[in-house]
Amino acid sequence: MTGEGERDGHGVLERFESPAGAHAWCTAVRRSGASLGFVPTMGALHEGHLTLVRRAAAENVRVCVSVFVNPLQFDDPADLEAYPRDLDRDAALLAAAGCKMVFTGRLSDFFPGVAGPEAIPRRDPGPCALDLEGAGRAGHFEGVATIVGRLFELVGPGRAYFGAKDFQQTLVVRHVARELGYPEIVVCPTSRDADGLARSSRNVRLTPAARERALALSRALQAARRAFAEGERSVAVLEALLTRELARGDDGTPFEVEYAAVRDPELWGAGGDSAGPTARALVAARVGGVRLIDNLALDEALEGGASKGGA
Ligand code: PAF
């Protein structure tokens with residue numbers, strides 16, 4: 001369906017299969033003077049995404065969502081191939097959450113006139129792209145910055161919403177927004193299942209045993225937070241604690257820690273030996289072949305609300 005409304009009892013959700021139609025819709029919304037909130041996604045939506053959409057709907061007159069599995073940010077073709085996709089299901093969930101327009105497209109639609117993926121000019125992801133996710137996944141943040149910048153240009157939102165689960169990504173996105181001069185970046189707390197597992201589109205690929213083992217990520221972060229609350233400030237000690245906690249509960253499920261780190265978002269790579277009041281613990285692991293990430297502010301008070309920034 002292209003540019004047709006879909007009625008499901010929650011109002012009309014416009015759907016566009018190309019960014020050109022979406023751009024025209026967004027331009028009309030902005031010209032009408034209505035505020036426009038934007039939630040970029042790769043689809044396979046879960047409660048975490050819907051929380052962002054509901055928040056955007058509460059803060060803006062119109063909300064639109066992109067569903068695009070961006071090849072530029074995948075360094076592993078098998079991961080790109082395995083990424084779950086179900087646009088009809090996503091559209092029904094979005095309509096119920098208050099989204100008014102969803103769009104998708106092919107990579108070539110987002111960068112028309114460019115000879116091929118290699119020729120797409122990459123956007124600089126900024127200094128926070130180094131290390132952790134940036135170290136382990138070649139070109140990942142360059143790919144994120146490139147598509148996010150393009151999406152911002154197409155949509156022209158006043159506010160864009162991101163989840164804190166991809167914490168390092170929120171730093172990259174803030175960098176892109178600062179370079180462009182818009183939009184306001186709204187970072188919402190990580191959405192979790194009742195047992196603490198951070199919601200992720202990849203969770204559907206976990207077997208029951210791997211899902212159980214994956215709880216080690218949020219448990220390790222909580223343990224680091226407890227140690228911080230009890231006065232521990234040594235980055236080395238907190239990182240050793242994270243690593244130790246991740247190893248607990250080994251039941252034979254393949255589990256490979258990629259990093260267990262404490263970083264201050266203000267300093268990032270230049271962080272010192274001591275964890276300051278804004279420090280976060282961040283972990284990444286492959287659990288039963290599925291790559292998962294999670295993070296937590298060490299000072300619990302910082303987790304409560306959304307933090308804003310950007311332009
Ligand atoms: O977080 C995501 O789903 C993606 O990285 C994003 C921001 C939609 C860019 O492709």
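These lines cover the structure that appears in this document, whether it is placed above or below. (Residues numbered from 1 in each chain as written. Predicted model: local features only at pLDDT ≥ 70, side-chain atom pairs only at ≥ 80, totals over all residues. Heavy atoms only, no water.)

### Observations concerning the overall build of the chain
Just so we agree on the cut-off: A run of DSSP states H or I qualifies as a helix once it reaches four residues; a run of E qualifies as a strand once it reaches two. Both are numbered from the N-terminal end. For this measure, only C-alpha atoms enter the radius of gyration; the expected value for a globule follows 2.2 Å times N^0.38, where N is the number of residues. Think of it in three bands: residues with accessible area under 20% of the maximum for their type are buried, residues over 50% are exposed, and the middle band is partly exposed, with areas taken using a 1.4 Å probe on protein chains only. What makes two residues a contact is simply this: any of their non-hydrogen atoms within 4.5 Å. Accessible surface area values rest on a Shrake-Rupley calculation with a 1.4 Å probe, where residue burial reflects the displayed protein chains alone. Just so you know, the count uses Lys and Arg for positive and Asp and Glu for negative, and it drops His and the chain ends. In plain terms, the charge of a residue is placed at NZ if it is Lys, CZ if Arg, CG if Asp and CD if Glu.
Counting secondary structure elements, the chain contains ten helices and eleven strands. Radius of gyration (C-alpha) of the chain: 19 Å, near the 19 Å computed for a compact globule of 311 residues. Along the three orthogonal principal directions, the C-alpha set of the chain runs to about 55 × 40 × 40 Å. Going through the 311 residues of the chain one by one, you find that 52% of them count as buried. A separation threshold of at least 6 residues defines the contact pool for the chain, and within that pool the share at least 24 residues apart is 72%. Split by element, the accessible area of the chain, about 13500 Å² in all, is 51% carbon and sulfur. Within the chain, the 42 negative side-chain charges are centred at a point lying 4 Å from the centre of the 36 positive side-chain charges.

### Looking at the pattern of salt bridges
Just so we agree on the cut-off: Note on definitions: salt bridges are taken to be side-chain nitrogens of Lys or Arg within 4 Å of carboxyl oxygens of Asp or Glu.
All told, the structure shown has 23 salt bridges when counted by the stated rule. The partner of Glu59 in a salt bridge is Arg55, with the nearest N and O atoms 2.6 Å apart. Of the two residues, Glu59 and Arg55 are both situated in helix α2 (residues 47–59); the distance of four residues between them amounts to about one turn of the helix. We classify Glu59 as partly exposed; its relative accessible area is 27%. The closest approach of N and O atoms between Arg248 and Glu245, which form a salt bridge, is 3.2 Å. Judged by its relative accessible area of 55%, Arg248 is exposed. Take Glu245: its relative accessible area is 17%, and that puts it in the buried class. One salt-bridge network, in which partners are shared between bridges, spans Glu133, Arg137, Glu258, Arg286 and Arg291.

### What about the state of the cysteines?
Formally: Here, a disulfide means two cysteine sulfur atoms that sit within 2.5 Å of each other.
Under the definition given, this model contains zero disulfides. Its sulfur unpaired, Cys26 is 4.0 Å from the next cysteine sulfur, which belongs to Cys64. Taking relative accessible area as the criterion, Cys26 reaches 0% and is therefore assigned buried. The thiol of Cys99 is not disulfide-bonded; the next cysteine sulfur, from Cys64, is found 6.8 Å away.

### Re the nonpolar core
Defined as follows: Residues belong to a common nonpolar core when they are buried Ala, Val, Leu, Ile, Met, Phe, Trp, Tyr or Cys residues joined through side-chain atoms within 4.5 Å.
Judged by nonpolar contacts, the single largest core of 36 residues is most densely connected at Trp25, Cys64, Met101, Phe103, Phe110, Phe152 and Ile185. Listing elements by their share of this core, those giving two or more residues are α1 (19–31), β3 (36–41), β5 (101–103), α5 (107–110), α7 (140–155), β6 (159–163), α8 (167–180) and β7 (184–188). When residues of this core are assigned to their parent elements, the largest contribution, nine residues, is made by α7. Excluding residues that lie within four positions of it along the chain, Met101 makes contacts with Leu13, Glu14, Phe16, Ala22, Trp25, Cys26, Val63, Cys64 and Val65. Core analysis: the next-biggest nonpolar cluster, separate from the first, contains 30 residues, Leu242, Leu246, Val287 and Leu298 among them.

### Observations concerning the environment of Phe110
For Phe110, the location among the structural elements is in helix α5. It is 8.1 Å that separates the C-alpha atoms of Phe110 and Ser18, two residues lying 92 residues apart in sequence. Every residue in contact with Phe110, bar those within four places of it in the chain, is listed here: Pro19, Phe68, Phe103, Thr104, Gly105, Ile147, Arg150, Leu151 and Leu154.

### Observations concerning empty space enclosed by the protein
We apply this condition: The distinction between a cavity and a pocket rests on a 1 Å grid over the protein atoms alone: a 1.4 Å probe fits inside a cavity but cannot get out, while a pocket stays open yet meets protein on both sides within 12 Å along at least five of seven lines, and a residue with an atom within 4 Å of a point counts as lining. Grid points are joined across faces, edges and corners, and a volume is the space filled by probe spheres set on the points. Amino acids outside the nonpolar list (Ala, Val, Leu, Ile, Met, Phe, Trp, Tyr, Cys, Pro) and the charged list (Asp, Glu, Lys, Arg) are all regarded as polar, and Gly is one of them.
Here the structure, examined in full by the defined rule, presents three cavities of 30 Å³ or more. Computed from the structure, the largest cavity encloses a volume of approximately 850 Å³. Met42, His49, Lys165, Asp166 and Gln169 are, among the 47 residues lining the largest cavity, the residues nearest its centre. Residue contributions to the lining of the largest cavity peak at six residues, all from α7. Partitioning the lining of the largest cavity into residue classes produces 21 nonpolar, 18 polar and eight charged. Each pocket or cavity is described by its volume, and for the second largest cavity that value is around 70 Å³. Taken together, Lys165, Leu197, Ala198, Ser200, Asn203, Ala214, Leu217, Leu292, Ile293 and Asp294 make up the lining of the second largest cavity. Mapped onto the lining of the second largest cavity, the elements with two or more residues apiece are α9 (208–229) and β10 (290–297). Ranked by residue count, the leading element in the lining of the second largest cavity is β10, at three residues. Within the lining of the second largest cavity, the residues separate by chemical class into six nonpolar, two polar and two charged.

### Regarding the sheet that holds strand β9 (residues 280–287)
Put simply, the rule reads: A pair of strands is treated as paired once DSSP finds two or more bridges between them. To get an axis, fit a line to the C-alpha atoms, keeping to the stretch in contact for a helix; angles then go from 0 to 180 degrees between the N-to-C directions.
The sheet built from three strands is open, its strands ordered β8-β9-β10 with antiparallel pairing. At either end of the open sheet lies a strand with only one pairing partner, and these are β8 (255–263) and β10. Pairwise comparison of adjacent strand axes, ignoring direction, gives a mean angle of 10° for this sheet. Strand direction decides the pairing type here: β8 and β9, joined by eight bridges, are antiparallel.

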